[in-house]
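Working through the structure, step by step
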Amino acid sequence: MRRFPPERIVCLTEETVETLYLLGAEDRIVGVSGYAVRPPRVRKEKPRVSAFTSADIPKILALAPDLVLAFSDLQAGIVADLARAGVAVHLFNQRDVAGCLAMVRTLGALVGLPERAEALAAGFEARLAEAAAAVRDRPTLRVYFEEWDAPMISGIGWVSDLIGLAGGRDVFPALSRQPAAQDRIVTPEQVIEAAPDVILASWCGKRVNVDRIRSRPGWAAIPAVRDGRIHEIKSPLILQPGPAALTDGFDAIRACLG
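Residues numbered from 1 in each chain as written. Predicted model: local features only at pLDDT ≥ 70, side-chain atom pairs only at ≥ 80, totals over all residues. Heavy atoms only, no water.

Digging into the nonpolar core
Applied cut-off: Each nonpolar core is a collection of buried residues, namely Ala, Val, Leu, Ile, Met, Phe, Trp, Tyr and Cys, held together in the definition by side-chain atoms within 4.5 Å. In this scheme, a residue with accessible area under 20% of its type's maximum is buried, one over 50% is exposed, and one in between is partly exposed, where area comes from a 1.4 Å probe on protein chains only. Pairs of residues are marked as contacts when any of their non-hydrogen atoms sit within 4.5 Å.
Ranked by internal contacts, the top residues of the largest apolar core, which has 50 residues, are Leu 20, Leu 69, Leu 162, Ile 238 and Ile 253. Ignoring sequence-local partners within four residues, the contact set of Leu 69 consists of Ile 9, Val 10, Cys 11, Leu 12, Thr 13, Thr 16, Leu 20, His 90, Phe 92, Leu 107 and Leu 110.

Structure representation (structure tokens):
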């Protein structure tokens, strides 16, 4: 890092963009992921320098960043290229709600705004706890979350955590602790056996086809299919491990389980 606090930050995923805006540090952002849509004005205010697994390295270097923020093993190659070019990079790897909250606090420390970050994270925590308390005595619904359809991939850790806080129970809790999508692949038969009361789907980057889910062979007997409880949650809300998932994504889950 060339200076502290960093004055020129590039964000390769959405959650750090939104967090910096919420911390009032948006003026330091000089480049963002092409998937960044929160807050909406980011699309007009910041140049786009990356997708998720690819990035325009020359464009990033031309921005002369003090710090680049990345996420997960899927961006390890981008990080390596930037590191070889002499750029300071912090790669987050949060996979559950606790990790999302830690990301907010860590990012606040990295940009010299720890008090603001603590207040933001504490606010998220309090809101989640209040919502969980409100449904504590309600019957628990079995929930299958589908992150992708071909192959079928079940929900990651933060999604599973949020389902639990909303009063549901993830039908594949052990799989949710697997960070890699390929390790969360399930079969149609496993979902039939799990008999979820509610199916939530968020196919990253494409619209969910509820009719296709409903018409899968043997699924008519699944309680969620039988009762018409199949719901799409938009991927920018729930598949972003940060403020979006902790707020609007969580609210979407609560609405589907209500």
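Overview of the UniProt feature "domain: Fe/B12 periplasmic-binding" (unreviewed entry) in the protein
What counts is decided by this rule: UniProt positions are given in the numbering used here, feature names are shortened, and annotations may be inferred rather than shown by experiment. Every helix listed is a DSSP run of H or I at least four residues long, and every strand listed is a run of E at least two residues long, numbered separately from the N terminus.
UniProt records the feature "domain: Fe/B12 periplasmic-binding" (unreviewed entry) for residues 8-258 in the present numbering. Secondary structure across residues 8-258 divides into 44% helix and 17% strand, with the first and last C-alpha atoms of the span separated by 43 Å.

Things to note about empty space enclosed by the protein
How we decide: Here a cavity means grid points, on a 1 Å grid over the protein atoms only, where a 1.4 Å probe fits yet cannot get out; a pocket means an open set of points with protein on both sides within 12 Å along at least five of seven lines; lining residues are those with an atom within 4 Å of a point. Grid points are joined across faces, edges and corners, and a volume is the space filled by probe spheres set on the points. Gly counts as polar in this scheme, as do all residues outside two lists: the nonpolar Ala, Val, Leu, Ile, Met, Phe, Trp, Tyr, Cys and Pro, and the charged Asp, Glu, Lys and Arg.
Enumeration over the complete set of coordinates arrives at one cavity of 30 Å³ or more. Forming the boundary of the largest cavity are Glu 14, Val 17, Ala 36, Val 37, Arg 38, Pro 236 and Gln 240. By residue class, the composition of the lining of the largest cavity is four nonpolar, one polar and two charged.

What about the side chain of Glu 26?
With respect to the secondary-structure elements, Glu 26 resides in the loop between α1 (14-22) and β2 (29-33). Residue Glu 26 is classed as buried on the basis of its relative accessible area of 15%.

Thoughts on the packing of helix α5 (residues 97-110) against helix α6 (residues 114-134)
Using the following cut-off: Axes here mean lines fitted to C-alpha atoms, for a helix over just the part in contact, with angles spanning 0 to 180 degrees between N-to-C directions. Each angle receives one of four descriptions, namely roughly parallel if under 35 degrees, roughly antiparallel if over 145, roughly perpendicular if within 65 to 115, and oblique otherwise. Note on convention: near helix rotated counterclockwise from far helix by under a right angle means a left-handed crossing. Clockwise means right-handed.
For the pair α5 and α6, the least separation of the axes is 7 Å and the interaxial angle reads 160 degrees. As far as their axial angle goes, α6 and α5 are roughly antiparallel. Handedness of the crossing formed by α5 with α6: right-handed. Of α6, the residues touching α5 (which contributes Val 97, Leu 101, Val 104, Arg 105, Gly 108 and Ala 109) are Pro 114, Ala 117, Glu 118, Leu 120, Ala 121, Ala 122, Phe 124, Glu 125 and Leu 128. A class-by-class count of the residues in the contact of α5 with α6 yields 11 nonpolar, one polar and three charged.

Topic: the pairing of strand β9 (residues 198-201)
For the record, the criterion: Two strands pair if DSSP finds at least two bridges between them.
Of the two faces of β9, both are covered, the one formed by Val 198 and Leu 200 as well as the one formed by Ile 199 and Ala 201. Pairing analysis gives three bridges linking β9 to strand β10 (residues 230-232), with the strands arranged parallel. The residue bridging Ala 201 from the neighbouring strand is Glu 232, located in β10.

Here we look at helix α4 (residues 76-84)
Operational definition: In this context, the arc is that of the directions from the helix axis out to the C-beta atoms.
Along α4, the residues classified as buried are Ile 78, Val 79 and Leu 82. Burial along α4 is one-sided: seen end-on, the buried residues are contained in an arc of 100 degrees. Residues of α4 that are buried make contact with α3 (57-62), β4 (67-71) and β5 (89-92). At the exit of α4 stands Gly 86, carrying a positive phi of roughly 90 degrees.

Regarding the packing of aromatic side chains
Condition: Pairing of aromatic rings covers Phe, Tyr and the six-membered ring of Trp, with a centre-to-centre limit of 6.5 Å; geometry is then stacked below 30 degrees between planes, edge-to-face above 60, and tilted otherwise. Throughout this description, the term charge over a ring refers to an Arg CZ or Lys NZ atom that lies within 6 Å of the ring centre and within 35 degrees of the ring normal.
Counted according to the given criterion, the structure contains two aromatic pairs. When the ring of Tyr 144 is compared with that of Trp 219, the centres are 6.4 Å apart and the planes differ by 75 degrees; the resulting orientation is edge-to-face. Linking Tyr 144 in strand β6 (residues 141-149) with Trp 219 in the loop between α10 (210-214) and α11 (223-226), this pair joins segments that are 75 residues apart in sequence. Members of the aromatic cluster, joined through ring pairs, are Tyr 144, Phe 172 and Trp 219. One residue, Arg 216, lies across the ring of Trp 219, its end atom 4.7 Å from the ring centre.

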